[in-house]
Amino acid sequence: GIQVEQSPPDLILQEGANSTLRCNFSDSVNNLQWFHQNPWGQLINLFYIPSGTKQNGRLSATTVATERYSLLYISSSQTTDSGVYFCAVGVTGNQFYFGTGTSLTVIP
Amino acid sequence: ETGVTQSPTHLIKTRGQQVTLRCSSQSGHNTVSWYQQALGQGPQFIFQYYREEENGRGNFPPRFSGLQFPNYSSELNVNALELDDSALYLCASSLGGSEAGTQYFGPGTRLLVL
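Residues numbered from 1 in each chain as written. Chains lettered and ligands numbered in written order. Predicted model: local features only at pLDDT ≥ 70, side-chain atom pairs only at ≥ 80, totals over all residues. Heavy atoms only, no water.

So, on to the interface of chain A and chain B. Counting residues at the interface gives 21 residues for chain A, matched by 25 residues for chain B. In this assembly, chain A packs against chain B so that about 1,700 Å² is buried in total across both faces, 47% of it on carbon and sulfur atoms. Where chain A meets chain B, there are zero salt bridges. On the surface where chain A and chain B come into contact, there are six residue pairs in polar contact (both at pLDDT 80 or more). Elements with a minimum of two residues in the side of chain A that touches chain B: β4 (31-37) and β5 (43-48) of chain A. Across the side of chain A that touches chain B, the residue classes tally to nine nonpolar, twelve polar and no charged. (Contact = heavy atoms within 4.5 Å. Buried area = accessible area lost by both parts, 1.4 Å probe. Salt bridge = Lys/Arg side-chain N within 4 Å of Asp/Glu carboxyl O. Polar contact = N/O pair within 3.5 Å; in protein donor to acceptor, adjacent residues only side chain to side chain. Helix = DSSP H or I, 4+ residues; strand = E, 2+ residues; numbered from the N terminus. Nonpolar A, V, L, I, M, F, W, Y, C, P; charged D, E, K, R; others polar.)

Pasting the structure below:
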């Protein structure tokens, strides 16, 4: 299966700081999503972004499919941004491969 | 946002028992995928159901089985429970089977096997 690597594994930020999370994948994909997992385990869909750039408020994401990576940008971080961020990729529509996640802690 | 529901929220079983987990997909979605998430790891794909048929399976033994009903809700059954089956079980619904786009996840069922 596809290998998905996320970096950094852990990140601690002061409130208000910006950050960039990276997702590298080992093969061509036609499906890529970024998720935020809250402390209760709920996976919240952030972006469906197999290619290109999208923005939603303080969050934006860019996927460069030809170079097999995606970036998630968080600006002006807030304590509510804390949690684990996952990148998930798929070749066909029927199976997602998840990375090991980036654990983000935002301190006031 | 999701509209995906799962039951029960928590479950405690003993080794060797059987368990059934349930998932109701988001309105209009015909595809349900199940994932297992062990502590500290990313979710791992178990299988997917599209229009009541299994449409792909990950590296899980046959004691993990499933069903999808005409209303597109789904069940995950695990027989002969082992200690390593303790995990968060997530279901995701989407539209389109192999052409599925965005997947929306439910809140999960936490299973503890003693």
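The subject of this paragraph is the sheet that holds strand β7 (residues 59-64) of chain A. Residues and elements named next belong to chain A. With antiparallel pairing, the five strands of this open sheet are ordered in space as β1-β3-β8-β7-β6. Looking at strand neighbours, the two that pair on one side only are β1 (4-7) and β6 (52-56), the edges of this open sheet. Geometrically, the sheet is characterised by an average inter-axis angle of 15° between neighbouring strands, direction not taken into account. Across four bridges, the pairing between β1 and strand β3 (residues 19-25) is antiparallel. Counterpart to Gln6 in the pairing with β3 is Cys23. (Pairing = 2+ DSSP bridges. Axes fitted to C-alpha atoms, helices over the stretch in contact; angles between N-to-C directions.)

This paragraph deals with the nonpolar core. Residues and elements named next belong to chain A. The biggest cluster of nonpolar side chains holds 22 residues, and the ones touching the most others in it are Trp34, Leu72 and Val89. Broken down by secondary-structure element, the contributors of at least two residues to this core are β2 (10-14), β3, β4, β5, β7, β8 (69-74), β9 (83-90) and β11 (102-107). In contact with Val89, other than residues within four places in its own chain, are Ile2, Val4, Phe25, Val29, Asn31, Leu32, Gln95, Phe96 and Tyr97. (Core = buried A, V, L, I, M, F, W, Y, C linked by side-chain atoms within 4.5 Å. Buried < 20%, exposed > 50% of the residue type's maximum accessible area, 1.4 Å probe, protein only.)

A word on the pattern of salt bridges. A full pass over the atoms with the stated rule returns five salt bridges over all chains. Three or more residues joined by partner-sharing salt bridges are found here, namely Arg63(B), Glu82(B) and Asp85(B).

On to the environment of Gly66(B), then. All names here are of chain B. Along the chain, the position of Gly66 falls in strand β7 (residues 64-68). Judged by relative accessible area, Gly66 falls into the buried class, the value being 13%. C-alpha separation for the pair Gly66 and Thr20, spaced 46 residues apart in sequence, amounts to 9.0 Å. For Gly66, the residues in contact, after removing those within four places along its chain, are Phe47, Tyr49, Glu75 and Asn77.

On to the side chain of Gln68(B), then. Residue and element names in this part refer to chain B. Tracing the backbone shows Gln68 in strand β7. Reaching out from Gln68, the side chain makes a polar contact with the backbone oxygen of Asn30 at a distance of 3.3 Å. For Gln68, the side chain forms a polar contact with the main-chain oxygen of Tyr72, separated by 3.2 Å. Once you skip the residues sitting within four places of it in the chain, Gln68 turns out to touch Asn30, Thr31, Val32, Tyr49, Tyr50, Arg51, Glu52, Glu53, Ser73 and Ser74.

A few words now on the packing of aromatic side chains. A complete count under the given rule lists eleven aromatic pairs over all chains for this structure. Aromatic pair Phe98(A) and Tyr35(B): ring centres 5.6 Å apart, planes at 80°, arrangement edge-to-face. Taken together, the residues span two chains, with Phe98(A) in strand β10 (residues 97-98) and Tyr35(B) in strand β4 (residues 31-37). Residue classification places Phe98(A) among the buried residues on the basis of a relative accessible area of 12%. Relative accessible area serves as the criterion here: at 0%, Tyr35(B) is assigned to the buried category. (Phe/Tyr/Trp six-rings, centres within 6.5 Å; stacked < 30°, edge-to-face > 60°.)

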